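Results of the structural survey
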Amino acid sequence: MKNISPDTQGHWGKFGGKFVSETLMCALEELSSAYNEAIKDKNFKQDLNNCLKQYAGRPTPLYYAERFSKKTGVRVYLKREDLLHTGAHKINNTIGQAFLAKRMGKKRLIAETGAGQHGVATATVAALLGMPCDVYMGEDDIKRQKLNVFKMKLLGTKVIPVKTGSKTLKDAINEALRDWVTNVKTTYYLLGSVVGPHPYPVIVRDFQSVIGEETKRQIRKLEGRLPDYVVACVGGGSNSMGMFYPFIKERKVKLIGVEAGGLGLASGKHGASLCKGTEGVLHGARTYILQDKDGQIASTHSVAPGLDYSGVGPEHAHLKQTGRTSYYTVKDKDAMDAFFMLSHLEGILPALESSHAIAWVKNFAINFKKNDLVVVNLSGRGDKDVDIVEDYINPVRN
Amino acid sequence: MNRIESKWKELKKKGLKAFIAFITAGDPCLEDTYKIVLEMERQGADIIELGIPFSDPIADGPVIQASSNRALEKRTNLNKILLLVKDLRKKTDIPIVFLSYYNPIFHYGIEKFVEDAVKSGVDGVIVADLPPEEAKEIKIFSSKKGLDTIFLAAPTSLKERLHKIAEASTGFIYCVSVAGVTGARNSLAQSLKRRVVDIKKLTDRPVAVGFGISNIQTAKWVASFADGVIVGSAIVKVIQDNLEKKDLISKVGKLVKDLASAIHKA
Ligand SMILES: Cc1ncc(COP(=O)(O)O)c(C=O)c1O
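The rules behind each value
Residues numbered from 1 in each chain as written. Chains lettered and ligands numbered in written order. Predicted model: local features only at pLDDT ≥ 70, side-chain atom pairs only at ≥ 80, totals over all residues. Heavy atoms only, no water. Buried < 20%, exposed > 50% of the residue type's maximum accessible area, 1.4 Å probe, protein only. Helix = DSSP H or I, 4+ residues; strand = E, 2+ residues; numbered from the N terminus. Contact = heavy atoms within 4.5 Å. Near = heavy atom within 4 Å. Polar contact = N/O pair within 3.5 Å; in protein donor to acceptor, adjacent residues only side chain to side chain. Areas by Shrake-Rupley, 256 points an atom, 1.4 Å probe, with all protein chains shown as cover. Nonpolar A, V, L, I, M, F, W, Y, C, P; charged D, E, K, R; others polar. Pairing = 2+ DSSP bridges. Axes fitted to C-alpha atoms, helices over the stretch in contact; angles between N-to-C directions. Salt bridge = Lys/Arg side-chain N within 4 Å of Asp/Glu carboxyl O. Parallel < 35°, antiparallel > 145°, perpendicular 65-115°, else oblique. Left-handed = near helix turned anticlockwise from the far one by under 90°. Expected span 1.5 Å × (residues − 1). Right-handed = clockwise from strand over helix to strand, strands pointing away. Patch = residues over 30% accessible without salt bridge, like charges linked within 9 Å, V, L, I, M, F, W, Y side chains within 5 Å. Lys, Arg positive; Asp, Glu negative; His and termini not counted. Charge placed at Lys NZ, Arg CZ, Asp CG, Glu CD.

Attention shifts here to helix α11 (residues 233-241) of chain B. Among all positions of α11 of chain B, only Ser233, Ala234, Ile235, Val236, Val238 and Ile239 of chain B are buried. Elements that come into contact with the buried residues of α11 of chain B comprise β1 (18-24), α2 (30-42), α3 (62-73), β9 (228-231) and α12 (248-264) of chain B.

Here it is in structure tokens:
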């Protein structure tokens, strides 16, 4: 099906590709062939599945959120990625890629991180496999995600503060790419979302697709049918892509991606690359990006650090263009309200990223039909966000 | 024959190696860029590379990153840089090559960029994050309008890729000395010579070496086997260290003069 596979250079229509320094081209080719071999290898798959099961805690439950459903008037299931080891979907990808790195004989892992969830998930597998690891993180993110920074250190990873540009995720990716181009022979760059040059968007999507595959099986068992809506938040786009991918062929299932509306689209302070961005090239891929009139990358804002990014995975750009998926935005304030609501009604503290998806359901509630069935990907837990929430409730504290 | 081609011819006739000097356009301001370009020509630079500032320069080390930021703070953009080149063309015929990331020119519009660049007097373009595989669009318009497209050959490029790079390049081939980002290195690996010799076997086009060349000895050594030597960070560093000083232009001129004589005579 034309929607699903990119060409050999990683193009979905006009999106994707490999816009990188020549020095990295051979590394990307090496990665592509190593990956294609690995996924054909039964032992690799078995090791991966064992680790996901015994170590990370898969499968995650698909939980019927009864009180939240009652409140919103539509039946809502939550895919509990928040229950995974390290507290977010990110571990699905880091286990997969770290196994791949080991198989390729790479000696060192590097990664970028925004919210710190991907950094923690990378630090965790680095410890598990006994590999040295450096994680690049924007200085601003280091300040607002202290808990995750400390966790990475405890796990034996070095956190390298990034002081350039907007000091958030995009700059951390820049710095990781600069490290990779310098140490390309020995180092594996473990990218955390479905962004970057080919083959990363494919590899990360594949490792995250376990979310959608499990969901499909579980909902069939629980409800005897597929859902009407599948909802996930979109930062770089990995939890959403992993959730959507197995549903793309099921044309009746509506796929809803929720981006960071920040302080409102009119304010210019948001992270809505798909809803508000224009075509461009960032971090190795052609996709939708937030940029100014001169093609300089704009800085972004979201209360959820994991959504604070000016680009988005190229496959999302393609899916948007073909009309298979729909994208909406949710503002900081609404995400915060959803955070409180889920905490009170269900006893679940959602990550602020995931709170955007919850908020969309809440905001959209009047439009659902009576028997609609909704699945929300609860991509992570909110422990990491309690400082941000506290500052939000009590802004004078600083 | 375009300006780049005739420059290589002229140098060859005189038995000289080329000195290619890089600065970021708009650092510290476009008026100074104008003066620095003319001064660099006066002091012996053969080809000028003008960096188009970008917010996310992933191929650059700290010195050129900072330079790019200074230029952006002055609101330098492609339109203004094209006007600068137009002005320069009233004074000089030195070959001018743009060094850009893909997004600023993609956003400007590839066809329009090529057309306006040629109209303004730009002779070639190097795009740091554009391998030949992604360059179909820019190649089509460039070959129509006569803008040279120069591709980079990396230490990690295997033979098959070197062929592709040589084939796609016009003007010259940019051989990257080391795996990494731009910035001064104290010395370069001996294996560089071998790589340049290998690339020269694949093509008749001149091969220029850049990245990390920061001192006279290295420049001299590289010029002994390459057709041209590209120096960027070392020049930009002089700009950075003399930002507020009256003799900024002559300080740059002094370094360029020393490098030019070392490279030409190698
Ligand atoms: C819990 C959680 N959800 C979502 C995201 C957003 O990333 P993606 O869109 O790649 O899933 C992050 C990123 O850090 C995250 O930590």
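Here the narrative resumes.
Moving on, we get to the site of the ligand. Residues and elements named next belong to chain A. In the neighbourhood of the ligand, 19 residues make up the surrounding shell, with Ser193, Gly235, Gly237, Ser238 and Ser379 lying closest. Residue Lys90 places a side-chain N or O atom 3.3 Å away from an oxygen atom belonging to the ligand. Within the side chain of Ser193, an N or O atom sits 2.6 Å from an oxygen atom of the ligand. Relative to its unbound accessible surface of 390 Å², the ligand loses 97% to contact with the protein. Tallied by class, residues from the shell around the ligand come to six nonpolar, 11 polar and two charged.

Our next topic: the sheet that holds strand β8 (residues 187-189) of chain A. All names here are of chain A. Taken in spatial order, the four strands of this open sheet run β7-β6-β5-β8, and their pairing is parallel. Each edge of the sheet is formed by a strand with only one pairing partner; in this case those strands are β7 (158-162) and β8. Mean inter-strand twist for the sheet, computed between neighbouring axes without regard to direction, equals 25°. Looking at chain direction, strand β5 (residues 108-113) and strand β6 (residues 133-138) are connected through five bridges and run parallel. Note on β6: the bridge partner recorded for Thr113 is Met137. Each of β5 and β8 touches helix α4 (residues 90-103); the most contacted strand, β8, lies at about 155° to it.

Another point: the interface of chain B and chain A. The partner chain A presents 35 residues to the 34 residues of chain B that form the contact. Our enumeration of links across chain B and chain A arrives at three salt bridges. With a shortest N-O distance of 2.7 Å, Arg161 of chain B and Glu22 of chain A are connected by a salt bridge. Put simply, chain B and chain A have 22 residue pairs in polar contact (both at pLDDT 80 or more) between them.

Moving on: the pattern of salt bridges. Any two side chains of opposite charge can pair, given that their charged atoms come close. Residue and element names in this part refer to chain A. Within this structure, the stated rule accounts for 45 salt bridges over all chains. We note a salt bridge from Lys79 to Glu214, for which the minimum N-O separation is 2.7 Å. Here Lys79 is found in strand β4 (residues 75-80), whereas its partner Glu214 is found in helix α10 (residues 210-223), with 135 residues between them in sequence. Accessibility assignment for this pair places Lys79 and Glu214 in one class, buried. The salt bridge involving Lys333 is made with Asp337; its shortest N-O contact spans 3.2 Å. Placement of both Lys333 and Asp337 in helix α14 (residues 332-346) is noted, with a separation of four residues, approximately one turn of the helix. The class for Lys333 is partly exposed, based on a relative accessible area of 48%.

All names here are of chain A. Remark: α4 packs on helix α5 (residues 117-129), axes separated minimally by 9 Å, with the N-to-C direction vectors making an angle of 40°. With respect to α5, the axis of α4 lies oblique. When the axes of α4 and α5 are compared, the crossing they make is right-handed. Where α4 abuts α5, its residues Lys90, Ile91, Asn93, Thr94, Ile95, Ala98, Phe99 and Lys102 lie against Gln117, His118, Ala121, Thr122, Thr124, Val125 and Leu129. Here the residues of the contact of α4 with α5 are counted per class, giving seven nonpolar, six polar and two charged.

Right, let's talk about unusual backbone geometry for a bit. At the junction of His198 of chain A and Pro199 of chain A, the peptide bond is cis and its omega measures out at 10° in the coordinates. Mapped onto the elements of the fold, Pro199 of chain A is located in the loop between β8 and α9 (200-208). The omega torsion of the bond from Asp27 of chain B to Pro28 of chain B falls at 0°, within 30 degrees of zero and hence cis. In this structure, Pro28 of chain B sits in the loop between β1 and α2. Even without glycine at this site, Lys167 of chain A takes up a positive phi of about 60°. In this fold, Lys167 of chain A is placed in the loop between β7 and α8 (169-182).

Moving on, we get to α5 of chain A. Residues and elements named next belong to chain A. With 13 residues, α5 extends 18 Å between its outermost C-alpha atoms, agreeing within 8% with the 18 Å of an ideal straight helix rising 1.5 Å per residue. Of all 13 residues in α5, 11 are buried, a share of seventy percent or more. Among the residues of α5, Gln117, His118, Gly119, Val120, Ala121, Thr122, Ala123, Thr124, Val125, Ala126 and Leu129 are the ones counted as buried. If you follow the buried residues of α5, they end up packed against α2 (42-56), α4, β5, β6 and α7 (146-154).

Another aspect to go through is the sheet that holds strand β10 (residues 254-262) of chain A. Residue and element names in this part refer to chain A. Pairing is mixed in the open sheet, where six strands are placed in the order β3-β4-β14-β9-β10-β13. A single partner strand is all that each edge strand has here, and the edge strands are β3 (62-64) and β13 (325-331). Put simply, the sheet's adjacent strands are angled 30° from each other on average, direction ignored. Looking at chain direction, β10 and β13 are connected through seven bridges and run parallel. From the neighbouring strand, Ile256 faces β13, where its bridge partner is Ser326. Relative to the sheet, α10 contacts β3, β4 and β14 (373-378), its axis offset from that of β4 by approximately 140°. Taken strand by strand, α14 contacts β3, β4, β10, β13 and β14, and its axis lies near 90° from that of β13.

Moving on, we come to the pairing of β10 of chain A. All names here are of chain A. Of all nine residues making up β10, eight are buried, and the element is well covered by its neighbours. Sheet topology note: the strand β9 (residues 229-233)/β10 ladder contains five bridges and is parallel. When the bridges of β10 are listed, Val230 appears paired with Leu255. Note on the crossover from β9 through helix α11 (residues 238-244) to β10: the handedness is right-handed.

Once that is clear, we can look at the packing of helix α10 (residues 216-223) of chain B against α12 of chain B. All names here are of chain B. Running from N to C, α10 and α12 cross one another at 30°; their axes reach a closest spacing of 8 Å. Here α10 is positioned roughly parallel relative to α12, judged by the angle of their axes. The two elements α10 and α12 cross, and the hand of that crossing is right-handed. Of the residues in α12, those in contact with Ile216, Ala219, Lys220 and Ala223 of α10 are Asp258, Leu259, Ala262 and Ile263.

Where like charges cluster on the molecular surface, the positive patch consists of Lys86, Lys119, Lys144 and Lys145 of chain B. In this structure, Lys144 of chain B sits in helix α7 (residues 136-145).

In short, geometric facts, not functional conclusions.
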